[in-house]
Amino acid sequence: TGIVPPRVLFRLDPKYPELARSVRREGAVVIEAEIATDGSLRSARVVSSPLGFGLEQSALDAIRAWRFAPARFGDRPVSVYYRWNVLFSLR
């Protein structure tokens, strides 16, 4: 559609909650976020089935700390919704 997706400029890995680690809970948390025309994160929410044990909150906290270059349509920055899979693996 001619839209260049947003680019992550700074990424913080999520912390693996100790409770989730102790019960060996693994999986992916899918986060949907709106990235504004200035690259700021306007909103973020979990859109996957819950894994529990604090994994969803840890994924949200990490994404909220990320910094972005905004999506672009031609020379113009545009606001977009974007999805990420935040993986939690004990391997």
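Residues numbered from 1 in each chain as written. Predicted model: local features only at pLDDT ≥ 70, side-chain atom pairs only at ≥ 80, totals over all residues. Heavy atoms only, no water.

Enquirer: Got a sec to walk through a nonpolar patch on the surface? Specific residues and values, please.
Expert: On the surface, a cluster of nonpolar side chains totalling about 280 Å² of accessible area is made up of Leu9, Phe10 and Leu12. Within the element layout of this structure, Phe10 appears in strand 2 (residues 7-10). According to the relative accessible area criterion, Phe10 is partly exposed, its value standing at 43%. (Patch = residues over 30% accessible without salt bridge, like charges linked within 9 Å, V, L, I, M, F, W, Y side chains within 5 Å. Areas by Shrake-Rupley, 256 points an atom, 1.4 Å probe, with all protein chains shown as cover. Salt bridge = Lys/Arg side-chain N within 4 Å of Asp/Glu carboxyl O. Helix = DSSP H or I, 4+ residues; strand = E, 2+ residues; numbered from the N terminus. Buried < 20%, exposed > 50% of the residue type's maximum accessible area, 1.4 Å probe, protein only.)

Enquirer: Please provide a residue-by-residue account of the pairing of strand 4 (residues 41-46), values included.
Expert: Relative to strand 4, strand 3 (residues 27-35) runs antiparallel, the two sharing 5 bridges. Across the sheet, residue Glu34 finds its bridge partner in strand 4, namely Ser43. Between strand 3 and strand 4, which follow one another and run antiparallel, lie 5 residues, and Gly39 among them has a positive phi close to 90°. (Pairing = 2+ DSSP bridges.)

Enquirer: How would you sum up the sheet that holds strand 1 (residues 3-4)? Please name residues and give values.
Expert: In sheet architecture, strand pairing relies on hydrogen bonds along the backbone and comes in two forms, parallel and antiparallel. Read from one edge to the other, the open sheet built from 3 strands follows the order 1-6-7, with strand pairing classed as antiparallel. A strand with exactly one partner marks an edge of an open sheet, and here the two such strands are strand 1 and strand 7 (76-78).

Enquirer: Quick one: what's the story with helix 2 (residues 55-65), residue by residue and with numbers?
Expert: Residues that lie three or four places apart on an α-helix share one face, since the helix turns once every 3.6 residues. All of the buried residues along helix 2 are Leu55, Glu56, Ser58, Ala59, Leu60, Ala62 and Ile63. Where helix 2 is buried, its residues meet helix 1 (18-22), strand 3, strand 4 and strand 8 (80-88). (Contact = heavy atoms within 4.5 Å.)

Enquirer: Would you mind going over the pattern of salt bridges in detail, with residue names and values included?
Expert: A side chain with one charge can pair with a side chain of the opposite charge if their charged atoms come near. Inspection of the entire model under this criterion finds 3 salt bridges. One salt bridge in this structure joins Glu32 and Arg83, with 3.3 Å as the shortest N-O distance. Of the two residues, Glu32 is situated in strand 3 and Arg83 in strand 8; the sequence distance between them amounts to 51 residues. For Arg83, a relative accessible area of 51% translates into the label exposed. We note a salt bridge from Glu34 to Arg42, for which the minimum N-O separation is 2.9 Å. Via salt bridges that share partners, Glu32, Arg45 and Arg83 belong to a single interconnected network.

Function cannot be read off these values alone, since they describe shape.
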